[in-house]
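What follows is each chain in one-letter form.
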Amino acid sequence: MLYQLSNQKMEEIEEEVFVKEKQLQAIIEENLEILFNLLFVASEFPVGNFRLDTVAYDPDTKSFVIIEYKKGKRYSVIDQGYAYLNTLLAHKGEFVLKYNERYPENLKRIDEIDWSQTRIIFVANEYTNYQYGAVNNPNLPIELVIAKKYKNNLINIESLTKTNSTIEPIKKVEKTSSEQGLSKEISIYTEQEHLLKGSEEIQELYLELKEIILSWDSDIKVKAVKLYNSFKLKRNIVDIQIQKNALKIWINLKTGQLNDSRNVARNVSEIGHWGNGDYEIVIKDNRET
């Protein structure tokens, strides 16, 4: 619930339902970069047998994102999600063409897109326990977002966290029956998969550093992408690549924004690098943290 505080008195702010999905869609599309750090590509995009509500591009993972808006609760996030993701992968050229039409100054080729990190986001006022349970699996490229509108033009956007994503010993996982309909081209990268790339000492160092970063803000989330683990609020704060004998860290700040009195960071703004930001730090043991 949302409250207005006046003279120490709390008054509940009444929720207003989005009358039409289009109203919610227009708000999300106008604020994609602020909300999800995504670039808008197309609205009501016809492809195959479907019309996709919103197509966006994730510059961090170099992949496309489908966003669907739902007013009611009687739909399967799994079935619809798989159908849309598989359709995207079957029509790659159409998505790249639409992106290039939108951003002619930054043209992409099909082989420059990381299709393995394609994902879908559902946005709705609420979800049933069944819907949430169906996608509460870190191996699924499906995310749920709750959007609520209140009086006085207040809006709350909340991404639902998957609860079973704690670090556990990794083992080879075959697709479950509920995942059989998903294209094999899509890969789900996990934090623990990256963790095991490091030696035992580096794994311990990563977990120690992770604890420090998460202590900065309770809303920081860890998201694994193809080559590193990202620590995110609305945007990436820090990206960490786990190597066998070191952690390579990128700080998402522009040149001149980092107070580096010890001169431990390297400016990589003019050279190719993974991760976000202009500063890179390599740590090999906890004496350097």
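Details of the structure are given in the entry above.
To keep things clear, this report deals only with the structure shown in the data block. (Residues numbered from 1 in each chain as written. Predicted model: local features only at pLDDT ≥ 70, side-chain atom pairs only at ≥ 80, totals over all residues. Heavy atoms only, no water.)

**Remarks on the sheet that holds strand β15 (residues 279-283)**
With antiparallel pairing, six strands are arranged side by side in an open sheet as β10-β11-β12-β13-β15-β14. In this open sheet, the two strands that pair with only one neighbour each are β10 (221-224) and β14 (266-267). Examined bridge by bridge, strand β13 (residues 247-251) and β15 share five bridges and lie antiparallel to one another. Note on β15: the bridge partner recorded for Trp250 is Glu280. Where helix α7 (residues 200-214) meets the sheet, it contacts β10, β11 (229-232), β12 (236-242), β13 and β15, and its direction lies at approximately 175 degrees from that of β12. (Pairing = 2+ DSSP bridges. Helix = DSSP H or I, 4+ residues; strand = E, 2+ residues; numbered from the N terminus. Contact = heavy atoms within 4.5 Å. Axes fitted to C-alpha atoms, helices over the stretch in contact; angles between N-to-C directions.)

**A short note on the pattern of salt bridges**
Under the criterion given, the structure shown has 15 salt bridges. With its nearest N and O atoms 3.1 Å apart, the salt bridge here joins Glu191 to Lys210. A residue pair is termed long-range when its members are at least 10 positions apart, and Glu191 in helix α6 (residues 191-195) and Lys210 in helix α7 qualify at 19 residues. The class for Lys210 is buried, based on a relative accessible area of 17%. For Glu280, the salt bridge goes to Arg266, with nearest N and O atoms at 2.8 Å. Highlighted residues: Glu280 in strand β15 and Arg266 in strand β14, separated in sequence by 14 residues. (Salt bridge = Lys/Arg side-chain N within 4 Å of Asp/Glu carboxyl O. Buried < 20%, exposed > 50% of the residue type's maximum accessible area, 1.4 Å probe, protein only.)

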